[in-house]
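These are the residues of each chain, in order.
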Amino acid sequence: MAFEKICTLDDVWECEMETFTTSTGVDILLVGVEGGDMKAFQAMCPHQEIELVEGEFDGKVLTCKAHLWQFDCHNGEGINPSDCRIAEYPVKIEGEDVFVDVEGVEPFKSHS
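Remember, it's a predicted structure, so these values are computed and weren't measured experimentally.

## Considering the UniProt feature "domain: Rieske" (unreviewed entry) in the protein chain
The residues that UniProt annotates with the feature "domain: Rieske" (unreviewed entry) are residues 9-100. Secondary structure across residues 9-100 divides into 0% helix and 40% strand, with the first and last C-alpha atoms of the span separated by 13 Å.

Below is the structure:
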């Protein structure tokens, strides 16, 4: 695994989200899930590649601003529609530092 430091815990608080770019040019969306988990997902909606950070996030569900597609931020599964998902990247926390591994994970794209 090729974990890379992308930020610190102070950069993304619980129930907040932010986009970061890795050294290899991969954009990731880091979300502070309600309850304290930190998750990393593809930064673009699989529907029409709208930046997900521009949408709404309530600590559990991420809603894309364009067509209101919704994703469960515990696992990236689609809620509406349910036949889609967003790719999740492994996250590792060391002290205050947040590391993400994007190696081998391809963002999902919808055919709708």
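## Thoughts on the pairing of strand β3 (residues 27-32)
Most of β3 is tucked away, with five of its six residues classed as buried. Note: strand β2 (residues 17-21) against β3, five bridges, orientation antiparallel. Across the sheet, T19 pairs through a bridge with L29, a residue of β3. Hairpin remark: β2 followed by β3, antiparallel, with five residues in the connecting loop; positive phi at G25, about 90°. Both β3 and strand β4 (residues 38-42) contribute to a ladder of five bridges, which runs antiparallel. If you follow V31 over to β4, its bridge partner there is K39. The turn joining β3 and β4, which pair antiparallel and follow one another in sequence, is formed by five residues; a positive phi near 105° is taken by G35.

Calculation criteria
- Residues numbered from 1 in each chain as written.
- Predicted model: local features only at pLDDT ≥ 70, side-chain atom pairs only at ≥ 80, totals over all residues.
- Heavy atoms only, no water.
- UniProt positions renumbered as here; feature names shortened; annotations may be inferred.
- Helix = DSSP H or I, 4+ residues; strand = E, 2+ residues; numbered from the N terminus.
- Buried < 20%, exposed > 50% of the residue type's maximum accessible area, 1.4 Å probe, protein only.
- Pairing = 2+ DSSP bridges.

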